[in-house]
Amino acid sequence: MYTLKKSLGQHFLKDENICRKIVDSLPVIPNQQVLEVGPGAGAITKYLLELPDTSFKAVELDTEKVAYLQKTYPAIQGKLINESFLDVKPPFEGKFNVIGNFPYNISSQIMFRILDWKEQVPCVVGMFQKEVALRIAAKHGNKDYGILSVLIQAYYRVEYLFEVSETCFNPPPKVKSAVIRLHRLEENYDIQNERKFKNLVKTAFGQRRKQLRNPLKTLFDKEVLQDSIFTKRAEELTVADFVALSHKMI
């Protein structure tokens, strides 16, 4: 048996229909490579292990869960990485898709880690706390639109797939959940300097209620700051607007 660890944000999915629905949301490609993040007790793992023509690996921090998975699912032998996802190196050569019921307490950090691997990861299917999923999928002009929205949508197309009731989990979380899917953009934005772009987005949303001229005054020459775009607020700018602005930074 295994125990639930609140410190690791563990809420295990028990609804088999939802488990299958999550796995079915992952594109099936011949000879694909798939990484599961946080398999826990194996709710979706057992279905992932059945995918044809698939090289599968899973990253699980909890040693107790690793032992449980190895005992319960013999096919997983040699496919488990007992580390924190935030510390692990890319587990495959070449491209691989990522899937998981992501631990809610580190879900934003997981997404930033995936962004580090974006050249290798064409697709992500993940379950998140609903409000985080809404932030990732939000478009400009929406109150949920923020740092996560812009930085992820700069590289991925986001689909908000479906919501999952609290009753589908053991123990039931105090928040609602939702599943989203990310596909790498076929045409990349012209981001010339990722460090500058990220700094611009984070600084702009650091004072999201203010006109951009105020929070961004240290990042641009005075002449550039006269542009009318700086009278807008961060949530009014599209991803393309942020990319274009990043080209004018000091």
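Residues numbered from 1 in each chain as written. Predicted model: local features only at pLDDT ≥ 70, side-chain atom pairs only at ≥ 80, totals over all residues. Heavy atoms only, no water.

Draft legend 1. Geometry of helix H8 (residues 239-246). Along H8, the residues classified as buried are Val239, Phe242, Val243, Leu245 and Ser246. Down the axis of H8, the smallest arc covering the buried residues is 165°, so these residues share one side. At its buried positions, H8 is contacted by helix H6 (147-153) and helix H7 (194-206). (Buried < 20%, exposed > 50% of the residue type's maximum accessible area, 1.4 Å probe, protein only. Helix = DSSP H or I, 4+ residues; strand = E, 2+ residues; numbered from the N terminus. Arc of directions from axis to C-beta. Contact = heavy atoms within 4.5 Å.)

Draft legend 2. Structural context of the confidence of the model for the chain. Looking at the chain as a whole, the pLDDT averages 94, with 96% of positions reaching at least 70. Segment residues 5-9: pLDDT under 50, and 10 contacts once partners within four positions in sequence are set aside and those in other chains are kept. (pLDDT = per-residue confidence, 0-100.)

Draft legend 3. Unusual backbone geometry, seen in detail. Here the residue pair Asn170 and Pro171 is connected by a cis peptide bond, since its omega of -10° sits within 30 degrees of zero. With respect to the helices and strands, Pro171 occurs in the loop between strand S8 (169-170) and strand S9 (177-184). In this model, Asn31 sits at a positive phi of 60°, which is unusual for a non-glycine residue. Following the sequence through the fold, Asn31 ends up in the loop between helix H1 (16-24) and strand S2 (32-37).

Draft legend 4. Seen up close, the side chain of Lys65. Residue placement: Lys65 occurs in helix H3 (residues 63-72). A residue is classified by how much of its surface remains accessible, and Lys65, at 0% relative accessible area, is buried. A polar side-chain atom of Lys65 sits 3.4 Å from a polar atom in the side chain of Glu64. (Polar contact = N/O pair within 3.5 Å; in protein donor to acceptor, adjacent residues only side chain to side chain.)

Draft legend 5. H1, seen in detail. Along H1, the residues that are buried comprise Ile18, Cys19, Ile22 and Val23. Projected down its long axis, H1 shows its buried positions confined to an angular sector of 135°, all on one face. Projecting away from the buried face of H1 at angles above 90 degrees are the exposed residues Asn17 and Asp24. Looking at the buried side of H1, the elements it contacts are strand S1 (12-13), helix H2 (45-48), strand S5 (97-101), strand S6 (123-129), strand S7 (156-164) and S9. The N-terminus of H1 is capped by Asp15, whose side-chain oxygen sits 2.9 Å from the backbone nitrogen of Asn17.

Draft legend 6. View of the pairing of S6. Within S6, 7 of the 7 residues are buried, leaving the element largely enclosed by the surrounding structure. In this fold, the crossover linking S5 to S6 by way of helix H4 (residues 107-116) has right-handed handedness. Examined bridge by bridge, S6 and S9 share 7 bridges and lie antiparallel to one another. Following the sheet pairing, Val124 is matched in S9 by Leu182. (Right-handed = clockwise from strand over helix to strand, strands pointing away. Pairing = 2+ DSSP bridges.)

Draft legend 7. Local environment of the pairing of S5. Of all the 5 residues making up S5, 5 are buried; the element is thus mostly covered by neighbouring parts of the structure. Every second residue of S5 is oriented toward a common face, with Asn97, Ile99 and Asn101 on one face and Val98 and Gly100 on the other, all of them buried. Across 3 bridges, the pairing between S2 and S5 is parallel. Counterpart to Val34 in the pairing with S5 is Asn97. Pairing geometry for S5 and S6, over 4 bridges, is parallel. Bridge pairing in S6 places Gly100 opposite Gly126.

Draft legend 8. Region of the structure containing the environment of Tyr189. Of note, Tyr189 is situated in the loop between S9 and H7. On a C-alpha basis, the gap between Tyr189 and Val132 in space is 24 Å, while along the polypeptide they are 57 residues apart. Setting aside chain neighbours within four positions, we find Tyr189 in contact with Gln153, Ala154, Val239, Ala240 and Val243.

Draft legend 9. Representation of the state of the cysteines in the model. For the structure shown, the criterion picks out 0 disulfides. We note that Cys123 lacks a disulfide partner, and the nearest cysteine sulfur, in Cys19, lies 18 Å from it. (Disulfide = S-S within 2.5 Å.)

Draft legend 10. Structural detail: the sheet that holds strand S3 (residues 54-59). Across the sheet, 7 strands lie side by side as S4-S3-S2-S5-S6-S9-S7; this open sheet has mixed pairing. The sheet is open, and its two borders are formed by strand S4 (80-81) and S7, each paired with just one other strand. Across 8 bridges, the pairing between S7 and S9 is antiparallel. Bridged to Tyr156 within S9 is Arg184. Here helix H5 (residues 130-137) sits on the sheet in contact with S6, S7 and S9, set at roughly 135° to S6. (Axes fitted to C-alpha atoms, helices over the stretch in contact; angles between N-to-C directions.)

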